[in-house]
Amino acid sequence: GQQVMQIPQYQHVQEGEDFTTYCNSSTTLSNIQWYKQRPGGHPVFLIQLVKSGEVKKQKRLTFQFGEAKKNSSLHITATQTTDVGTYFCAPGNNDMRFGAGTRLTVKP
Amino acid sequence: DVKVTQSSRYLVKRTGEKVFLECVQDMDHENMFWYRQDPGLGLRLIYFSYDVKMKEKGDIPEGYSVSREKKERFSLILESASTNQTSMYLCASSPRLAVHRETQYFGPGTRLLVL
């Protein structure tokens with residue numbers, strides 16, 4: 001089964017509001033990846049985090065890897081309609097499974 | 001750019017038919033995967049392969065088999081299609097597994113309807 005718990009399952013926001021999805025593991029992860037799937041599309045790789053406490057930014061997206069390497073988050077500042085989609089975390093440790101995903105909808 | 005292609009975007013089959021879903025990647029990746037995606041259930045791993053002629057069961061292999069005769073091609077076979085196999089099927093590939101998980105590249109998906 002899935003190694004990580006991803007929450008929330010759904011999130012609906014007004015355009016301009018912030019959004020955060022969380023990925024939590026019971027075991028220490030070697031790394032974690034994040035993917036985005038647009039409606040009707042396929043998952044596309046966004047970023048990989050490897051180091052404890054790592055923070056990476058991509059424009060309005062901020063990715064964090066916890067100090068204990070057991071949790072990670074993706075935060076979007078001031079959401080836009082182009083952010084709509086499902087965001088998946090993907091734990092490392094030679095796993096090929098994904099979190100259940102957080103589906104984001106944005107009201108213009 | 002890595003390209004992963006799947007033989008069909010949409011497929012309609014009848015119960016009991018044998019169904020072949022083909023996936024081809026052009027980046028010489030060692031690993032290939034088949035997932036199915038259903039609303040509320042995320043991406044579930046069916047089978048994966050880490051080399052030619054090698055295959056490993058994922059979390060939901062029942063009712064499926066796979067074939068990898070060539071490095072670039074990974075086929076998913078539904079031996080006798082059933083209505084509960086109606087789903088979106090996603091193929092992915094990645095370089096050889098290392099210490100850290102490698103990036104996976106997905107195909108566009110095949111939406112299969114079994115009547």
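The rules behind each value
- Residues numbered from 1 in each chain as written.
- Chains lettered and ligands numbered in written order.
- Predicted model: local features only at pLDDT ≥ 70, side-chain atom pairs only at ≥ 80, totals over all residues.
- Heavy atoms only, no water.
- Helix = DSSP H or I, 4+ residues; strand = E, 2+ residues; numbered from the N terminus.
- Rg over C-alpha atoms; globule rule 2.2 N^0.38 Å.
- Buried < 20%, exposed > 50% of the residue type's maximum accessible area, 1.4 Å probe, protein only.
- Contact = heavy atoms within 4.5 Å.
- Areas by Shrake-Rupley, 256 points an atom, 1.4 Å probe, with all protein chains shown as cover.
- Lys, Arg positive; Asp, Glu negative; His and termini not counted.
- Charge placed at Lys NZ, Arg CZ, Asp CG, Glu CD.
- Buried area = accessible area lost by both parts, 1.4 Å probe.
- Salt bridge = Lys/Arg side-chain N within 4 Å of Asp/Glu carboxyl O.
- Polar contact = N/O pair within 3.5 Å; in protein donor to acceptor, adjacent residues only side chain to side chain.
- Nonpolar A, V, L, I, M, F, W, Y, C, P; charged D, E, K, R; others polar.
- Pairing = 2+ DSSP bridges.
- Axes fitted to C-alpha atoms, helices over the stretch in contact; angles between N-to-C directions.
- Phe/Tyr/Trp six-rings, centres within 6.5 Å; stacked < 30°, edge-to-face > 60°.
- Lys NZ or Arg CZ within 6 Å of the ring centre and 35° of its normal.
- Disulfide = S-S within 2.5 Å.

Engineer: Whenever I open this one, the overall build of chain A confuses me. Can you help?
Structural biologist: Scanning chain A for helices and strands turns up 0 helices and 10 strands. In sequence order, chain A lays out its α and β elements as β-β-β-β-β-β-β-β-β-β. Computed over the C-alpha atoms, the radius of gyration of chain A is 13 Å, within 12% of the 13 Å expected from 2.2 N^0.38 for a compact globule of 108 residues. C-alpha atoms of chain A, sized along the principal axes, occupy 40 × 25 × 20 Å. Residues classed as buried in chain A amount to 47% of the 108 residues present. Taking all contacts inside chain A whose residues are at least 6 apart in sequence as the whole, residues at least 24 apart take part in 54%. Accessible surface, chain A as shown: approximately 5,100 Å² in total, 51% of it carbon and sulfur. Of the side-chain charges in chain A, 12 are positive and 7 negative, and the distance between the mean point of each set is 5 Å.

Engineer: Help me understand the interface of chain B and chain A, please; the structure alone is not making it clear to me.
Structural biologist: Many descriptions give the size of an interface as the accessible area lost when the pieces come together. If you look at the interface, chain B gives 22 residues, while chain A gives 24 residues. Counting each side, the surface lost to burial between chain B and chain A is near 1,900 Å², with a carbon and sulfur contribution of 52%. At the surface where chain B touches chain A, the tally comes to 1 salt bridge. Here A:Arg97 ties to B:Asp59 by a salt bridge, and the two come within 2.8 Å at their closest N and O atoms. Across the contact surface, chain B and chain A share 9 residue pairs in polar contact (both at pLDDT 80 or more). Residue assignment for the side of chain B that touches chain A shows that the elements contributing at least two residues are strand 4 (31-38) and strand 5 (42-49) of chain B. Top contributing element to the side of chain B that touches chain A by residue count: strand 5 of chain B, with 4 residues. Looking at the side of chain B that touches chain A, its residues break down into 11 nonpolar, 7 polar and 4 charged.

Engineer: Got a minute to help me understand the sheet that holds strand 8 (residues 71-76) of chain A in this structure?
Structural biologist: The strands making up a sheet are joined through hydrogen bonds of the backbone, oriented either antiparallel or parallel. Residue and element names in this part refer to chain A. Pairing is antiparallel in the open sheet, where 5 strands are placed in the order 1-3-8-7-6. Lying at the two open borders of the sheet, with one neighbouring strand each, are strand 1 (4-7) and strand 6 (55-58). Mean inter-strand twist for the sheet, computed between neighbouring axes without regard to direction, equals 15 degrees. Pairing of strand 1 with strand 3 (residues 19-25), which is carried by 4 bridges, proceeds in the antiparallel orientation. Within strand 3, the residue paired with Ile7 across the bridge is Tyr22.

Engineer: I keep staring at the packing of aromatic side chains and nothing clicks. Help me out?
Structural biologist: The geometry of an aromatic ring pair comes down to the distance between the two centres and the angle between the two planes. This model, assessed by the stated rule, comprises 11 aromatic pairs over all chains. Three or more aromatic residues joined by ring pairs make a cluster, and in this case those are A:Tyr35, A:Phe45, A:Phe88, A:Phe98, B:Phe33, B:Tyr35, B:Phe48 and B:Phe106. Positioned above the aromatic ring of A:Phe98 is the side chain of B:Arg101, whose terminal nitrogen or guanidinium carbon lies 4.7 Å from the ring centre.

Engineer: Could you clarify how one ought to interpret the state of the cysteines in this entry?
Structural biologist: Simply put, disulfide is the name for a covalent bond between the sulfur atoms of two cysteines. One pass over the structure, following the stated rule, counts 2 disulfides over all chains. Paired through a disulfide, A:Cys23 and A:Cys89 show a sulfur-sulfur distance of 1.9 Å. The sign of the 60 degrees torsion about the S-S bond sets the A:Cys23-A:Cys89 disulfide as right-handed. Of this pair, A:Cys23 sits in strand 3 while A:Cys89 sits in strand 9 (residues 85-91), and the two are 66 residues apart along the sequence. By relative accessible area, A:Cys23 is classed as buried at 1%. Judged by its relative accessible area of 0%, A:Cys89 is buried. Note on cysteine connectivity: B:Cys23 is disulfide-linked to B:Cys91, with sulfurs 1.8 Å apart. Negative torsions about the S-S bond denote left-handed disulfides, and the value of about -75 degrees found for B:Cys23 with B:Cys91 makes this one left-handed. Here B:Cys23, found in strand 3 (residues 19-25), pairs with B:Cys91, found in strand 9 (residues 87-94); they are 68 residues apart in sequence, far enough to count as distant.

Engineer: Even after reading the chapter, I still don't get the side chain of A:Thr21, so can you show me in this structure?
Structural biologist: Residue and element names in this part refer to chain A. Take Thr21: it is sitting in strand 3. For Thr21, a relative accessible area of 0% corresponds to the buried category. Only 3.3 Å separates the side chain of Thr21 from the side chain of Gln6, close enough to count as a polar contact. Separated by 3.4 Å, the side chain of Thr21 and the backbone oxygen of Ile7 make a polar contact.

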